[in-house]
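# Per-entry structural report
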Amino acid sequence: MNTVLRDIHTEWEAHRAVAVATVIATHGSSPRDPGAMLAVHQDGTVVGSISGGCVEGALYETALDVLTTGHPRIEHYGPTGDILAPGLTCGGSLTVLVERVDRETMPQLADLMERTLRDETVILETVLTGPEAGTHRIAHELDTATGLTPSGTLLRRFEPRPRMVIVGSTDFAAETGLLGTRMGYRVTICDARPVFTTPQRFPDVDEVVCQWPSDWIARERNEGRFDSRTVVVVLTHDPKIDIPVLLECLDEAKWAHPLAYIGAMGSLTADANRRQALTAAGLRPEHLTALSSPIGLDIGNRGPAETAISIAAEIIIGSNQGRSSRPST
């Protein structure tokens, strides 16, 4: 979503209109979640995806029409279709809003983009009917909580990105950070070694912090900058750094909620020694169940890139298990 939003903002700044398709609801098995976006430029180029390909062709024609008329449309795609109206081969269904975005219909885009880049929650209200159809405003949490939004409008939330903290400025960290960014995380690499901990070595992440990792994590936690979606990936393979970091992350008494994922690199022998050291430092056995170590799925990976894939896959499994355990709404 962030990539498409940046692209839309670029066109908006150049005073060019864009047709934007956004998934606003899904049912059953669907290729993309609500919030997935596709943008069609005035020159016909496309950025993003909302279905993985099976309905993009039909949506493209709809987007061109919306670019011309300026009238928003809501399209529904189900498991059946024909040549004129393709369906989803996965068997689920999508509801998609297609709208024209330009400086007249969305003068708030610069504000929305700025807040999103600051990882703030933004609620966008879109008018779907009446003389103001296709216009937008940034709504307030209080309005949505008290039902003060008018009928005929759609509310969309742009949530802050979850955080990925990678401890250790290594080649493994660079590959993991790149994947984390592609997965939608706001990625920070933290290490206390100034020679290795530079933005030039990690151009694909959001933040490079040269501080003692356990101290930095404690400050970020105490200032409320982590939540239950945060993942911590420890790649230093150095006990004097790993143990203090893991003590901060695994001690439940220090956290208002458990982290989504905590993993640490090391061999089976290193893992056994690490767990023994953590227990000796005061952690109870039940605390250590949250530690994924040795880190990553055992897929026979070798080298930084393959190891990053194994770590990402393990994080995805944990995230999906967390989603399935939440009550449906």
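Above this text is the structure in question.
Residues numbered from 1 in each chain as written. Predicted model: local features only at pLDDT ≥ 70, side-chain atom pairs only at ≥ 80, totals over all residues. Heavy atoms only, no water.

### Digging into the nonpolar core
To keep things clear, this is the line we draw: Among buried residues, the Ala, Val, Leu, Ile, Met, Phe, Trp, Tyr and Cys ones that are joined through side-chain atoms within 4.5 Å form a nonpolar core. Summary of the burial criterion: residues with accessible area below 20% of their type's maximum are buried, those above 50% are exposed, and those between are partly exposed, where the area comes from a 1.4 Å probe applied to protein chains only. Here a strand is any run of E in DSSP of at least two residues, a helix any run of H or I of at least four, and the numbering for each starts at the N terminus. Throughout, a residue-residue contact means that at least one pair of heavy atoms, one from each residue, lies within 4.5 Å.
Formed by 23 residues in total, the largest nonpolar core has its most connected members in Ile 217, Leu 246, Leu 250 and Leu 278. Among the secondary structure elements, those contributing two or more residues to this core are strand S9 (163-167), helix H6 (213-222), strand S12 (231-234), helix H7 (239-250) and strand S13 (261-264). When residues of this core are assigned to their parent elements, the largest contribution, six residues, is made by H7. Once residues lying within four places of it in the same chain are set aside, the contact partners of Leu 278 are Ile 243, Leu 246, Leu 247, Leu 250, Leu 283, Leu 288 and Leu 291.

### Examining the sheet that holds strand S8 (residues 153-158)
Quick reminder of the rule: Should DSSP find at least two bridges between two strands, the strands are taken to pair. Structural elements are reduced to axes, namely lines fitted to C-alpha atoms, with helices fitted over the stretch in contact, and the angle between N-to-C directions of any two is expressed from 0 to 180 degrees.
Taken in spatial order, the three strands line up as S7-S6-S8 in an open sheet, and their pairing is antiparallel. Of all strands in the sheet, those bounded by a partner on one side alone are strand S7 (136-139) and S8. Here the average twist between neighbouring strands, direction ignored, is 25 degrees. As judged from the six bridges shared by strand S6 (residues 122-127) and S8, these two strands associate in the antiparallel manner. Bridge pairing in S8 places Leu 124 opposite Arg 156. Strands in contact with helix H3 (residues 109-117) are S6, S7 and S8; relative to S6, the strand with the most contacts, it is inclined by about 155 degrees.

### Observations concerning the pairing of strand S10 (residues 186-191)
Buried residues dominate S10, accounting for five of its six residues. Inspection of the sheet shows S9 paired to S10 by five bridges, in the parallel sense. Bridging across to S10, Arg 163 finds its partner in Arg 186. Two elements, S10 and strand S11 (residues 207-210), share four bridges in a ladder whose sense is parallel. Counted as the bridge partner of Cys 190 is Val 209 from S11.

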